[in-house]
Amino acid sequence: MKKTMCILKGLAVAIILVAFCGCGAKSASEVGTLIDALDNSAWEASKWISVVDAPIISDYNIERAADGANWFVSIVKNEQRVTSAKWMTTGLGVFQLWLNGQPVRKEVLKPGFTNPFKTKISFTYDITDAFCCNAGAENVLSAQVTPGWWGDRIVTPGGNKGMYGTKCAFRGVLELTFADGSKKLYGTDLENWKAGIAGPVKHAAIFDGEEYDAREKMGYEVADKLSTPEQNKEFHGEILPSEGAEIYLRHDLELKPVQAYVWKDVEGAKDGEAGKVVIDREYKAGEQIVLAAGENLVIDFGQNCAGVPSFVFKAAEGTTLTCLPGELLNDGNGARSRGMDGPEGSVHRENLRMAESGMILTYTFGAGEKYVSYHPRTTFFGYRFVSITATDEVTIKAVESIPVTSIASNLESGKITTGDESVNKLISNTYWGQLSNYLSVPTDCPQRNERLGWTADTQVFTETGT
């Protein structure tokens, strides 16, 4: 029998428990398989749970969602040897799942965009292959939930007092099948789960972006510091199983920089015109980039898309990198009469309609001298360019733009190429337009504070899209 060592974190004390599992373990990027939902009656074994002291937005004219990521952690001890483990899950807010510290599956921005009070989508996973199955073995189930699709501005109309969704919440049911053929349900409850604001994600929302502090441990690593959750009674709608339009990162379509340059000075500024950036140095494709404090790095990925920047980089502990996405560069010597918001050659942000408070990505480096990989998983942007600054020197080994879409690679049945490059470009524009605007629901304007479903646009595009 193949034995796999699982490292488990205790809830009450900070200990490491080593257990031998009777089931195999997949790699961190392959844990779990998306399957059909459990019987709907299984939900009766669970409750919506929230963090008792979670921050709440209660003002009018709100600009940003509540800070912090909500974590939920539980340990399940096998009463017998397990032959099957299935986990049915959903959330009020964008949720991510972990089993024994390994992320579950590739779907992102779950549960997707639905009417916040009428419908929530559930995701059910067969996690047997990564489950510690022996009798007496323990497994750590954990979830992170951030305000997206629930407690942020994308679903909350202007002038509302507070967000539509007050607190993030998580709900799940684990179904274990034992060696004797019996089954048992383990649902989210107030007795066997812990909850708290924790982890490296310090702020996240669909419009706002993501603030990530790598000095913080993941929620399942500090489970002993979490507390008893409370029952959340905000949602009274239906929970329906996912049946398509899940959201994925299309790593196979990653966009690499076509241009990258650093500037810190401006020339030619005058009344009504911000001037033009003075480029200090340019970087070739694939070349390592070193950015010092006070400098501005501009990267052009060659075309617009709905996606997220992905970095392989390093810096001293505590250094913060800020990444601002945008659709275009300022031009015309930065003339305000042309609607420009900065010097020519800098990234234009004013058209996003919340440039100062939203569409912002920050990353604070943790300890260590090695390169680390990072991309946000709680938000998305619509952009071609990014403007990057840092509080101290940062070395960027690689940077790419990963498309985020519900057009999964296995949905594509073919490609069209003609002998006319202008026609090919039109086809490419149409293809990328569909990738960027089909994200959970047919979406209009994925770049600014809109990103809403527009059936009229879809009606026009349907024949072309199919």
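Residues numbered from 1 in each chain as written. Predicted model: local features only at pLDDT ≥ 70, side-chain atom pairs only at ≥ 80, totals over all residues. Heavy atoms only, no water.

K.L.:
Run through the packing of aromatic side chains, naming residues and quoting values.
P.N.:
As enumerated under the stated definition, the model contains 22 aromatic pairs in all. Taken together, a centroid distance of 6.0 Å and an interplanar angle of 85 degrees make the contact between Tyr-431 and Trp-432 edge-to-face. Site record: aromatic cluster; members linked through ring pairs are Phe-72, Trp-87, Phe-95, Phe-123, Phe-170 and Trp-193. Its guanidinium or amino end placed over the ring of Phe-380, Arg-451 lies 4.7 Å from that ring's centre, counting from NZ or CZ. (Phe/Tyr/Trp six-rings, centres within 6.5 Å; stacked < 30°, edge-to-face > 60°. Lys NZ or Arg CZ within 6 Å of the ring centre and 35° of its normal.)

K.L.:
So what about empty space enclosed by the protein? Which residues, and what values?
P.N.:
By the definition in use, this model includes 2 cavities of 30 Å³ or more. The space that makes up the largest cavity amounts to roughly 110 Å³. Contributing to the lining of the largest cavity are 16 residues, with Pro-55, Ala-66, Pro-147, Thr-166 and Cys-168 lying nearest its centre. A class-by-class count of the residues in the lining of the largest cavity yields 9 nonpolar, 5 polar and 2 charged. By volume, the second largest cavity amounts to about 50 Å³. (1 Å grid on protein atoms, 1.4 Å probe; cavity = no way out; pocket = protein on both sides within 12 Å on 5 of 7 lines; lining within 4 Å. Points joined across faces, edges and corners; volume = space filled by probe spheres on them. Nonpolar A, V, L, I, M, F, W, Y, C, P; charged D, E, K, R; others polar.)

K.L.:
Can you lay out the sheet that holds strand S10 (residues 138-146) for me, pointing to particular residues and giving the numbers?
P.N.:
Within the open sheet, the 5 strands sit side by side as S8-S7-S10-S5-S13. Their pairing is antiparallel. Only two strands of the sheet have a single neighbouring strand rather than two, namely strand S8 (102-103) and strand S13 (194-197). The pairing of strand S7 (residues 94-99) with S8 spans 2 bridges and is classified as antiparallel. Residue pairing in the sheet places Leu-99 in a bridge with Gln-102 of S8. (Pairing = 2+ DSSP bridges. Helix = DSSP H or I, 4+ residues; strand = E, 2+ residues; numbered from the N terminus.)

K.L.:
Lay out the layout of surface pockets in plain terms, naming residues and giving numbers.
P.N.:
Counted as a void, the largest pocket has a volume near 1200 Å³. Arg-105, Leu-249, His-251, His-375 and Arg-377 are, among the 40 residues lining the largest pocket, the residues nearest its centre. Put simply, the parts of the chain that give the lining of the largest pocket at least two residues each are S7, strand S15 (209-213), strand S18 (248-249), strand S22 (296-315) and strand S27 (372-374). Looking at the lining of the largest pocket residue by residue, the classes come out as 20 nonpolar, 13 polar and 7 charged.

K.L.:
Pulling in residues and values, what's your account of the sheet that holds strand S31 (residues 441-444)?
P.N.:
Taken in spatial order, the 3 strands of this open sheet run S30-S31-S32, and their pairing is antiparallel. A strand with exactly one partner marks an edge of an open sheet, and here the two such strands are strand S30 (438-439) and strand S32 (452-453).

K.L.:
Could you give an account of the confidence of the model for the protein, with specific residues and numbers?
P.N.:
On average, residues of the protein carry a pLDDT of 92, and 94% of them reach 70 or more. Counting contacts from residues 1-20, a segment whose pLDDT is below 50, to residues more than four positions away or on other chains yields 49 contacts. (pLDDT = per-residue confidence, 0-100. Contact = heavy atoms within 4.5 Å.)

K.L.:
Lay out the pairing of strand S23 (residues 320-326) with the relevant residues and their values.
P.N.:
One ladder, built from 4 bridges, connects S23 with strand S26 (residues 360-364); its direction is antiparallel. Across the sheet, Cys-323 pairs through a bridge with Leu-361, a residue of S26. Bridge count between S23 and strand S28 (residues 381-390): 6 bridges; the pairing is antiparallel. Across the sheet, Gly-326 pairs through a bridge with Phe-385, a residue of S28.

K.L.:
Pulling in residues and values, what's your account of the nonpolar core?
P.N.:
Core analysis: the largest hydrophobic core is formed by 51 residues, its most contacted members being Leu-109 and Phe-311. Those elements giving two or more residues to this core turn out to be strand S19 (259-267), strand S21 (289-291), S22, S23, S26, S28, strand S29 (394-405) and helix H1 (421-437). At 9 residues, S22 tops the list of elements feeding residues into this core. For Phe-311, the residues in contact, after removing those within four places along its chain, are Leu-321, Cys-323, Leu-361, Val-372, Ser-373, Tyr-374, Ile-388, Ile-396, Ala-398 and Val-399. In terms of nonpolar packing, the next biggest core, distinct from the first, is built from 31 residues, Trp-87, Phe-123, Phe-131 and Ala-195 among them. (Core = buried A, V, L, I, M, F, W, Y, C linked by side-chain atoms within 4.5 Å. Buried < 20%, exposed > 50% of the residue type's maximum accessible area, 1.4 Å probe, protein only.)

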